[in-house]
Amino acid sequence: QVKNIEVGFGGITITEIKISREAETAGQIDKVSVKAELLGFLKKDIAISDVVVQRPTLSVSINKKGQFLLPVAFPASRRDEKSDEKTTTRTSIRHIGIEEGRVKFSDRHVHPGVNVDFSNVKLDMENLQCPSAGEWTSYRLSGETEGHGRKGSIVITGKTDFKGESTKAKVVLKSIDL
């Protein structure tokens, strides 16, 4: 569900997005801004210079069977199918940012259940290609959580090669009990 979509020269802004899963609100986003690179259209590719997601709230959970429940369902992997590189439209995104995000995580697979609420979630991701061209996508993801009377933080920095399914990352936790 979307409240408003504005299309302007070189960009699109979408406001007040609600994401539902099984008749419940699984997420909401205040605003998404997308800025296109106009030269990409001349090459029949989709080139996006910037995607900024402001104040998203997402619910992620693991049910009693140990299955992840994400706000959206992803299509089944089709790794055996070969895509025609000549007819596939390549999409490149130079920068993806998330500002003032929140992730509510619930794990019902363990007893007793675990709930963690991450606030002030931020993401900066550079150089994302779809389909992946075998290039590294770098990122920095951070968030904060509160528990047992103190604030904790998590920072993940690294890079991922989605085509080769390789990741090099560093995780720093401060004041978080494991």
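Scroll up a little and you will see the structure.
Residues numbered from 1 in each chain as written. Predicted model: local features only at pLDDT ≥ 70, side-chain atom pairs only at ≥ 80, totals over all residues. Heavy atoms only, no water.

Novice: Give a description of the pairing of strand S7 (residues 114-130) that names residues and reports values.
Specialist: Each regular strand displays side chains that alternate between the two surfaces of the sheet. As paired elements, strand S6 (residues 91-107) and S7 share 13 bridges and run antiparallel to each other. For glycine 101, the partnering residue across the bridge sits in S7 and is valine 121. Taken together, S6 and the strand that follows it, S7, pair antiparallel across an intervening segment of 6 residues. One ladder, built from 6 bridges, connects S7 with strand S8 (residues 137-147); its direction is antiparallel. Within S8, the residue paired with glutamate 126 across the bridge is serine 138. In this structure, the hairpin formed by S7 and S8 is closed by a connection of 6 residues, where glycine 134 is found at a positive phi of approximately 80°. (Pairing = 2+ DSSP bridges. Helix = DSSP H or I, 4+ residues; strand = E, 2+ residues; numbered from the N terminus.)

Novice: Can you lay out empty space enclosed by the protein for me, pointing to particular residues and giving the numbers?
Specialist: Enumeration according to the criterion identifies 1 cavity of 30 Å³ or more in this entry. What the largest cavity holds in volume is close to 30 Å³. In terms of lining, the largest cavity is formed by Asn127, Leu128, Gln129, Ser132, Ala133, Gly134, Glu135, Thr137 and Phe162. The biggest single contributor to the lining of the largest cavity is S7, with 3 residues. Across the lining of the largest cavity, the residue classes tally to 3 nonpolar, 5 polar and 1 charged. (1 Å grid on protein atoms, 1.4 Å probe; cavity = no way out; pocket = protein on both sides within 12 Å on 5 of 7 lines; lining within 4 Å. Points joined across faces, edges and corners; volume = space filled by probe spheres on them. Nonpolar A, V, L, I, M, F, W, Y, C, P; charged D, E, K, R; others polar.)

Novice: With reference to specific residues and values, describe the layout of surface pockets.
Specialist: Taken as a whole, the largest pocket spans an internal volume of roughly 1200 Å³. Taken together, 31 residues line the largest pocket, and the ones lying closest to its centre are Leu58, Ile98, Val103, Leu123 and Leu141. By residue number, the principal contributor to the lining of the largest pocket is S6, which donates 6 residues. Here the lining of the largest pocket is built from residues that sort into 27 nonpolar, 3 polar and 1 charged.

Novice: Break down unusual backbone geometry for me, with residues and values.
Specialist: Excluding glycine, most residues fall at negative phi; most peptide bonds, likewise, are trans. Residue proline 112 follows histidine 111 across a cis peptide bond; omega there is -5°. Relative to the assigned elements, proline 112 resides in the loop between S6 and S7. The step from cysteine 130 to proline 131 runs through a cis peptide bond, and the omega angle for that step is -10°. As for its placement among the helices and strands, proline 131 is situated in the loop between S7 and S8. A positive phi angle, close to 55°, is found at glutamate 100, a residue other than glycine. Within the fold, glutamate 100 resides in strand S6. A relative accessible area of 47% places glutamate 100 in the partly exposed class. Phi is positive for asparagine 120, close to 50°, though the residue is something other than glycine. By the element assignment, asparagine 120 lies in strand S7. Its relative accessible area of 30% is what places asparagine 120 among the partly exposed residues. (Buried < 20%, exposed > 50% of the residue type's maximum accessible area, 1.4 Å probe, protein only.)

Novice: Requested: an account of the pattern of salt bridges, with residues and values cited.
Specialist: Opposite charge on two side chains makes pairing possible when the charged atoms of those side chains draw close. Throughout the structure, instances matching the rule amount to 5 salt bridges. One salt bridge in this structure joins glutamate 37 and arginine 94, with 2.0 Å as the shortest N-O distance. Of this pair, glutamate 37 sits in the loop between strand S3 (24-36) and helix H1 (39-42) while arginine 94 sits in strand S6; the two residues are 57 residues apart in sequence, bridging distant segments of the chain. The structure contains a network of salt bridges with shared partners spanning Asp30, Arg55 and Glu100. (Salt bridge = Lys/Arg side-chain N within 4 Å of Asp/Glu carboxyl O.)

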